[in-house]
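Structure at a glance
Listed here are the chains, written in short residue letters.
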Amino acid sequence: MRISRGGAFVAAVLAGALALTGCTPADTTGPDTAKDVLVVGKSFDLNTADPARSFETTGGIFGRAVYDTLLTFGKGDATTPIPMVAESYEVNEGATEYTFMLRDDVVFSDGTPLTSADVVFSFDRVKNIQGNGSFLMEGLSVTAPDESTVIITSEKPNTAIPAIITAQTLGIVNSELVKANGGTDAADASTTDTAEEFLNTTSAGSGPYIIETFNTETETVIVANPNYWGEPAAYEKIVLKNATAENQLMDIQSGTIDIALDLGADQLPAIESNPDLAIESGISPTIFFLFSNANPEISKVTSTQAFRDAVKYGLDYDGLLEIAGEGSEQVAGVVPSVFFGALKPADVTVRDIDKAKAAVAELGDIDPISLEYPSDFSVAGISFGAVAERVQANLKEVGLEITLAPSPISTALDSYRGGTEEMGLWLWNPDYPDPADYLVFAPDNIVGLRAGWTGGSHPDLVALSEQAAVATEEAERGEIFREYQLAMNEVGVFAPLFQPAATVVAGKDIEGAVFSAVFGIDLTYIGK
Amino acid sequence: MLFRFILSRLGSAAILSVGIILVSFILTALLPGDAATSRLGERAAADPEIVAAVRARYGLDQPLYMQFFIYLGNLLRGDLGTSIRTQNPVLSDLAQFGPASAELAIAATLIAIVVGVGFGIVASLRANGIIDQVLRVVSLGGVSIPIFWLALIAVYLFSTVNRIFPSSGRLNPGETPPPQVTGMYTFDSLVAGNWPLFISALSHLILPALVLSAPMIGLLLRFTRSSMLEVLGNEYVRAAEAKGLPRHTVVLRHVLRGALVPVITVLGTAFASLLAGTVLVEQIFGWPGIGAYAFRSASNLDLPAIVGVTLFVALVYITVNLIVDFLYGVIDPRIRRA
């Protein structure tokens, strides 16, 4: 009899719950009725709320709303930094010294005025903490001659500094508050700074929002900063909800979220006819590329010019765009089309089967080449596996046998970073919106070395990359980056493939939800 | 007797746990890949100083056997280490995600027991009739329909087309979880007397729990039916009926009690498979449970988290088996005496 009563009780509870929830559908599917709450779906790559340690996309989205930077970008723009905490700046002729004049009305969320000392502390902390974003301060030093002036000095001419300081990693923190909670900008900050735990629960910024709850796995909530020095935040509360692209598709349709940030081109047909949703499309600054290892010790085949030519001319770039989805673009060089210094669309490599076959004939009888890529990772709905299969088919058409070698990203990264892959299919997300970020592809540089490419083989390219790094005059700089990329394409160690489309899907009544090539989405512009 | 039984079970559980930790360590170490650099960005991973700092921070600069012994030493103090990925103590991660999965699994099990055993009894009492035939199809469907497909259909029907249930999560976005008692939001919100939050938690729980319970319902239905039919044929049942006892008394007091022993055995096994199904259901319903945590930890070679989850799941299995053993004794006194 006990079982029977228990069963009846459970049944009654479930029936009651079904009745209750069934009667109140609008109450259970999210706060879309409340205009003061915005729910944003994002597949989290969130590690920390400490700006100095944060370097991931989600951290950038969140950080942009909580921590101000010296300069930033306007809505949807990724080319011209505009004033934020710094109202203006000057640069010396050699582009080695930047002087920033700070606004005098900026206050942190606790009401403390923001001064140049906070900027120096924040930047030095990033430099010494040895985190993912510490390289941003490489070769830079920062000083404060007075309360409202900050000087950034570079060891070498560096015109990328205005773009670099828009990075959320360089968000300005309340130095006194952070120091009081374990923070330090000392040279040994990597071992002595203990402020992360504090910053994961409390805002120390001057942005329009402050942290309410921070969770790297479920959702992170920010609320309007009552002490914000600028135009007040448009929403009382923004919830960043961790959801896969598949969940975002369901959630945006069911009204659980207001904005979906990770929907791929293949998912959009499901919502295109939905009258309640608006689809904003842009082009992502992420580039997919293929490389052929230039190190003869790794492969005597891929390190030859004939192999690189066979790949470069054998790829069906238009066909690859079909895999990448509607709205994607072939990328002409390593610098994405949305940034200064990019090649023109007319510069793209075009498939030439005759040239490719001639190069294959030159190679003679060779064993199949292994193409490695991450199998458990996709961006904008694009699976590396699908792209790799198309590459394999393209190259087979011109007589090259490719063996696919997928592995989980945690293991694939090891061989990629170790420079041991014969061929690799990878992507590059910008660290900051400036072509200087793409000098990593040059011989002897980080990505170049992953492709086994050392400077000895192409000293001309090394010289060009060095010139590009220190060029200061805009037109000259643009021309050098153009030459650099054309020369890279000519050699063909890297075959730039495409930039995916970037899509923001939002409720029709939400204003300003546009894709940002710098932040993914700038939450501070939404609703304005 | 009972004390010795518990002691021996706990002893074997401890030995088993050490073995599980050892196997987890060895398997993770055998995988190609570098846990220290897998979470670093491209530039940081190319900087030997930063990589060395990360290795030192997580003890990855020690030989594997040292890491193993350090882990065991910390474990004795209740420290499961710090997750490389979330940077939280693994114990606090498990305390966050374990109850989420437990809530889902318990709800699914309760639904399965009520529906599966209930319909199993009905099917046995109407053996070979039209109801039995219908329930046979239902049972077959429950066992054979892929759970991910069922989940997608459920979301489409009940969340997308008809906004009856939320499509993902444990609470509405932005809602503050109830003060933690068990970590199971439905229970904790009731304890806190927060009815709106209880409704929210329950509405999020129902759909994934129903989907997750489907295979278990099918299994329990079949086993209850066949077990009931076996017991119904016994002489003592006919004797009870001959004595003029009401039908429901005979079924519930005499037949069901005897029929439940094999059903409980199946329940234990089904609970194990239910845990495996939880991973898929959590993924589809965006349920932040131990399955999703385990998947992300494994993808990032997060050794402390991987070992922590393995240990947690093993302890769940051991506990469930222990409960099943005790239930045998409660239902069938002959087992207890033996």
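For sheets, the rule is that strands pair by backbone hydrogen bonds, running either parallel or antiparallel. Residues and elements named next belong to chain A. Read across the open sheet, the four strands follow the order S4-S5-S7-S6; overall the sheet is antiparallel. The open sheet has two edge strands with one neighbour each: strand S4 (86-91) and strand S6 (140-146). Sheet twist, expressed as the mean angle between neighbouring strand axes with direction ignored, is 20°. With five bridges joining them, S6 and strand S7 (residues 149-154) adopt antiparallel strand pairing. The partner of Asp146 across the bridge, within S7, is Thr149. The sheet contacts of helix H4 (residues 116-128) involve strand S5 (97-102), S6 and S7, and relative to S6 the element is tilted by about 165°.

For the rest of this paragraph, the subject is the sheet that holds strand S21 (residues 501-507) of chain A. Read from one edge to the other, the open sheet built from seven strands follows the order S8-S9-S10-S1-S11-S21-S12 (chain A), with strand pairing classed as mixed. Two strands bound the open sheet, and with one partner strand each, they are strand S8 (209-213) and strand S12 (277-283) of chain A.

Further remarks concern the pattern of salt bridges. Taken as a whole, this structure holds 25 salt bridges over all chains when the rule is applied. The partner of Arg450(A) in a salt bridge is Glu42(B), and the shortest N-O contact between them spans 2.0 Å. You can see Arg450(A) sitting in helix H15 (residues 446-450) and its partner Glu42(B) sitting in helix H3 (residues 42-45), one on each of two chains. Because the salt bridges share partners, they merge into one network encompassing Asp50(A), Arg53(A), Arg125(A), Asp193(A) and Glu196(A).

This paragraph deals with the interface of chain B and chain A. Tallying the contact residues gives 56 residues for chain B and 57 residues for chain A. Where chain B abuts chain A, roughly 4,700 Å² becomes buried across the two surfaces, and 55% of that area is made up of carbon and sulfur atoms. Three residues stand out in chain B for area buried against chain A, namely Arg43(B), Arg163(B) and Pro173(B), and they jointly supply 18% of the buried area on that side. Counting every contact that joins chain B to chain A gives six salt bridges. Residues Glu217(A) and Arg85(B) are paired through a salt bridge, measuring 3.0 Å at the closest nitrogen-oxygen approach.

Residue and element names in this part refer to chain A. Mapped onto the secondary structure, Ala495 falls in strand S20 (residues 494-499). Taking the C-alpha atoms as reference points, Ala495 and Lys312, separated by 183 residues in sequence, lie 6.2 Å from one another. Excluding anything up to four places from it in sequence, Ala495 contacts Phe288, Phe289, Leu290 and Leu315.

All names here are of chain A. The buried count for strand S19 (residues 423-428) comes to six of six residues, which makes it a mostly enclosed element. Neither face of S19 is left uncovered, since the one carrying Met423, Leu425 and Leu427 and the one carrying Gly424, Trp426 and Trp428 both have all their residues buried. Bridge count between strand S13 (residues 287-292) and S19: six bridges; the pairing is antiparallel. Among the inter-strand pairings, Phe291 is bridged to a residue of S19, identified as Gly424.

This part covers the nonpolar core. A general trend in soluble globular proteins is that nonpolar side chains are found buried together. Leu70(A), Phe100(A), Ile152(A), Ile259(A), Phe289(A), Phe441(A) and Phe494(A) are the most contacted members of the largest nonpolar core, which totals 107 residues. Among residues more than four places away in sequence, those in contact with Phe441(A) are Ile287(A), Phe289(A), Val334(A), Trp428(A), Val447(A), Gly448(A), Trp453(A), Tyr484(A), Met488(A) and Phe494(A).

The next thing to look at is the environment of Gly169(B). Mapped onto the fold, Gly169(B) is located in the loop between helix H8 (147-161) and helix H9 (185-191). Beyond its immediate stretch of four places on either side in the chain, Gly169(B) contacts Lys241(A), His204(B), Phe285(B), Gly286(B) and Trp287(B).

Here we take up the confidence of the model for chain A. Residues and elements named next belong to chain A. For chain A, per-residue confidence averages 90 on the pLDDT scale, and 93% of positions sit at 70 or higher. Of all helices and strands in chain A, the one with the weakest mean pLDDT is helix H2 (residues 25-28) (38), whereas helix H6 (residues 175-180) scores best (98). Note on residues 1-34: pLDDT is under 50 here. Beyond four places in sequence and across chains, it has 48 contacts.

All names here are of chain A. Within strand S1 (residues 37-42), six of the six residues are buried, which leaves the element mostly enclosed by the surrounding structure. Alternating residues of S1 divide into Val37, Val39 and Gly41 and Leu38, Val40 and Lys42, and every residue in both groups is buried. Judged from the six bridges that link them, S1 and strand S10 (residues 237-242) form a sheet pairing that is parallel. Bridged to Gly41 within S10 is Lys241. When S1 meets strand S11 (residues 259-260), the two strands line up parallel, connected through two bridges. From the neighbouring strand, Gly41 faces S11, where its bridge partner is Ala260.

About the thresholds
- Residues numbered from 1 in each chain as written.
- Chains lettered and ligands numbered in written order.
- Predicted model: local features only at pLDDT ≥ 70, side-chain atom pairs only at ≥ 80, totals over all residues.
- Heavy atoms only, no water.
- Pairing = 2+ DSSP bridges.
- Helix = DSSP H or I, 4+ residues; strand = E, 2+ residues; numbered from the N terminus.
- Axes fitted to C-alpha atoms, helices over the stretch in contact; angles between N-to-C directions.
- Contact = heavy atoms within 4.5 Å.
- Salt bridge = Lys/Arg side-chain N within 4 Å of Asp/Glu carboxyl O.
- Buried area = accessible area lost by both parts, 1.4 Å probe.
- Buried < 20%, exposed > 50% of the residue type's maximum accessible area, 1.4 Å probe, protein only.
- Core = buried A, V, L, I, M, F, W, Y, C linked by side-chain atoms within 4.5 Å.
- pLDDT = per-residue confidence, 0-100.

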